Amino acid sequence: MQKAIGVLTSGGDAPGMNAAVRAVTRAAIRKDYRVIGIQRGYNGLLNGECIELNCRDVSDIIQRGGTILYTARCKEFIQEEYVKKAAEKCRELNMEGLVVIGGDGSFRGAADLSRIGGIRCVGLPGTIDNDIQCTEYTIGYDTAMNTALEMIDKIRDTSQSHDRCSVVEVMGRHAGWIALNVAMAAGAIACITPEMPYDINAIADKIIKAHEAQKEHFIVVVAEGVENSEGITKQLKELTGIETRLTVLGHVQRGGSPTVRDRVAASQMGYHAVELISRGATNRVVGLKDNKIIDVDIQEALAMKKPFDTELYRVCNEITF
Ligand code: ADP
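Residues numbered from 1 in each chain as written. Predicted model: local features only at pLDDT ≥ 70, side-chain atom pairs only at ≥ 80, totals over all residues. Heavy atoms only, no water.

As for helix H3 (residues 80–92)
The following threshold applies: Only DSSP runs of H or I with at least four residues qualify as helices, and only runs of E with at least two residues qualify as strands; both kinds are numbered from the N terminus onward. Here the expected span of a helix is defined as 1.5 Å times the quantity of residues minus one. Throughout this description, buried means an accessible area under 20% of the type-specific maximum (1.4 Å probe, protein chains only), exposed means over 50%, and partly exposed covers the range between. Arc definition: it is the arc formed by the directions from the helix axis to the C-beta atoms. When checking whether two residues touch, look at their non-hydrogen atoms; a contact exists if any pair is within 4.5 Å.
Taking 1.5 Å of rise per residue, 13 residues should cover 18 Å, and H3 covers 18 Å from first to last C-alpha, within 8% of that figure. Taken residue by residue, H3 has Val83, Ala86, Ala87 and Cys90 as its buried positions. Buried residues of H3, viewed axially, fall in a sector of 100°; they line one side. Facing away from the buried side of H3, by more than 90 degrees, are the exposed residues Glu81 and Glu92. Residues of H3 that are buried in the fold lie against helix H2 (41–47), strand S4 (95–102) and helix H4 (104–115). Asn94 occupies a position one or two residues after H3 and carries a positive phi of about 60°.

Some words on helix H8 (residues 229–240)
Relative to the 16 Å expected for twelve residues at 1.5 Å per residue, H8 spans 16 Å between its end C-alpha atoms, a close match to the ideal helical length. Among all positions of H8, only Ser229, Ile232, Thr233, Leu236 and Thr240 are buried. All buried residues of H8 project into a common sector of 100° when viewed along the axis, lining one side. In H8, the exposed positions that point more than 90 degrees away from the buried face belong to Glu230, Lys234 and Glu238. On the buried face of H8, the contacting elements are strand S6 (165–170), strand S7 (190–192), helix H7 (200–212), strand S8 (218–223) and strand S9 (244–248). Of the residues one or two after H8, Gly241 is the one with positive phi, at around 75°.

Focus: the pairing of strand S10 (residues 284–289)
Note the following rule: Should DSSP find at least two bridges between two strands, the strands are taken to pair.
Judged from the two bridges that link them, strand S5 (residues 121–125) and S10 form a sheet pairing that is parallel. Residue pairing for S10: Val122 is matched across the bridge by Arg284. Of the strand pairs in this sheet, S10 and strand S11 (residues 292–297) are connected by six bridges, and their pairing is antiparallel. Residue pairing across strands places Gly287 opposite Ile294, the latter belonging to S11. Here S10 folds back onto S11, and the loop between the two strands holds two residues, one of which, Asp290, carries a positive phi near 50°.

Remarks on the domain arrangement of the protein chain
Threshold: Each domain's extent was defined by an automatic or database domain assignment. Two parts placed together each lose some accessible area under a 1.4 Å probe, and adding up what both lose gives the buried area. Salt-bridge detection follows one rule: a side-chain nitrogen of Lys or Arg within 4 Å of a carboxyl oxygen of Asp or Glu. Any pair of N or O atoms that falls within 3.5 Å is considered a polar contact. Within protein, one atom must be able to donate a hydrogen and the other to accept it, and sequence-neighbouring residues count only if both atoms are side-chain atoms. As a working rule, the residues Ala, Val, Leu, Ile, Met, Phe, Trp, Tyr, Cys and Pro are called nonpolar, Asp, Glu, Lys and Arg charged, and the rest polar, with Gly in that last group.
When the domains of the protein chain are assigned, the result is domain 1 (4–140 + 258–303) and domain 2 (144–254). For domain 1 versus domain 2, the separation of C-alpha centres amounts to 35 Å. Of the residues lining the interface, eleven residues belong to domain 1; the matching set on domain 2 comes to ten residues. Contact between domain 1 and domain 2 buries roughly 870 Å² in total, counting both sides, with carbon and sulfur atoms accounting for 47%. Counting the contacts that link domain 1 with domain 2 gives four salt bridges. One salt bridge in this structure joins Arg173 and Asp104, with 3.6 Å as the shortest N-O distance. Applying the counting rule to domain 1 against domain 2 returns three residue pairs in polar contact (both at pLDDT 80 or more). Taken together, the residues of the side of domain 1 that touches domain 2 break down into three nonpolar, four polar and four charged.

Focus: the site of the ligand
The condition that has to hold: The nearness test applies per residue and asks whether one of its heavy atoms lies within 4 Å of the molecule or strand. Every accessible area reported is derived by Shrake-Rupley at a probe size of 1.4 Å, with residue values counting cover from the shown protein chains alone. Points on a 1 Å grid over protein atoms alone make up a cavity when a 1.4 Å probe fits among them but cannot get out, and a pocket when they form an open set with protein on both sides within 12 Å along at least five of seven lines; lining residues each have an atom within 4 Å of a point. If over half the atoms of a molecule are within 2 Å of the grid points of a cavity or pocket, the molecule is regarded as sitting in it.
Residues in close proximity to the ligand total 16 residues, the closest being Arg73, Cys74, Gly103, Gly105 and Ser106. A distance of 3.4 Å separates a nitrogen atom of the ligand from a polar atom in the side chain of Asp112. Protein contact buries 82% of the 560 Å² of open area that the ligand shows by itself. Taken atom by atom, the bulk of the ligand overlaps the largest pocket. At six residues, the largest contribution of residues to the shell around the ligand is made by H4. Residue composition of the shell around the ligand, grouped by class: four nonpolar, seven polar and five charged.

What follows is the structure, given as C-alpha cells:
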C-alpha cells in the first residue's frame, strides 16, 4: 500500500492554516505519498474522521481563513492509552508521518505521539498569538495584527469625533506581541502587555499632558493577557477626566483572508514539514529565524524562552506624546 502523510489542525484556529494544509498536501503528492486530512485535531484521529486529500481538494483554499479540516481540543490526549490508540490508527492508515498544525499544546500531543506511539510527527506553528518560543513567526500572526489595526483605525475615527480615549483589548493569550506591534502601528499613547510592568498613574499623566498640548483623542492598547481591561478603562476615566471607552476586539482577530506574509510562511513551512518526514526526521517543530525556515526538536522547542521586544516597546512609548 502507498505510504501516506497525515495532516491535522489543532487548538485555536489561525488564518493561513489552510495555506499550510494546501502546501503539505501538494508537497506530499509530489513525493508520491497519499495524503490523509484528519478532521477536528486529535479527536478526529481517535474517531477515524479522516478524508483523503488529492491535489484539487486543496484548490481555492489558500485565501480562506479558518481551517477546512476543522479544529478541536481533545482532553483525552494527555493520557497514554489514547496516544497509543491514535498511533495505532496512524499505522492502520500506513502513515509515514503526521503534520500537526497548532500551538504548543498541540506540539505536546505531537511529542507524545512520536515518543510513546513511534509516529513521525512534525509541528507547524499555527497561532495568531506568536507565542511559540522556537520561532520568530507563527502562521496567522500577521493577519490578526492587520485585522486588529483595521479595527483600531475605525475606532480612532469615532474617538477623534468625540474627543475620547479608547481602550482597545487585543488578543494574544498570555503574550503581548499583537498588542505591542498594533500599538506601534496605530500610534497608541500607551501599550499594556503582560511582559512589562505598567503604572496607571504614569499613563494617565501622559494622557493629561498630551491633552494639555492639544491632543484630543487617545488610543490605549491592552493585551488580553493583562486581564484587566475594564479596570484600566475605569481608572483612566477617573484619573484623566476624559471620556474613556473600552472595545474588546475578540474573535474577529482569528478570522479573515490571510495576508501575503501568512500565506508565504504557511506554504514554506508546510513544504518543509513534508521534506523532514520524507528524510526520516521526527519530533520536530518548524519555525522561522532571521527569515529562514528552520526546524527544532519539539522538547527543545517547548523549553525555549522568547525574549520580549523591549526595544520596540521603548520606541513605541518614546514617540507618542
Ligand atoms: P494550542 O495547540 O493552540 O496550544 P491547546 O493547548 O488547547 O491548543 O492544545 C490542543 C490540543 O493538544 C489539546 O486539546 C490536546 O489534545 C493536545 N495537548 C495539549 N497539551 C497536551 C499535553 N501536555 N500532552 C498531550 N497532548 C496535549
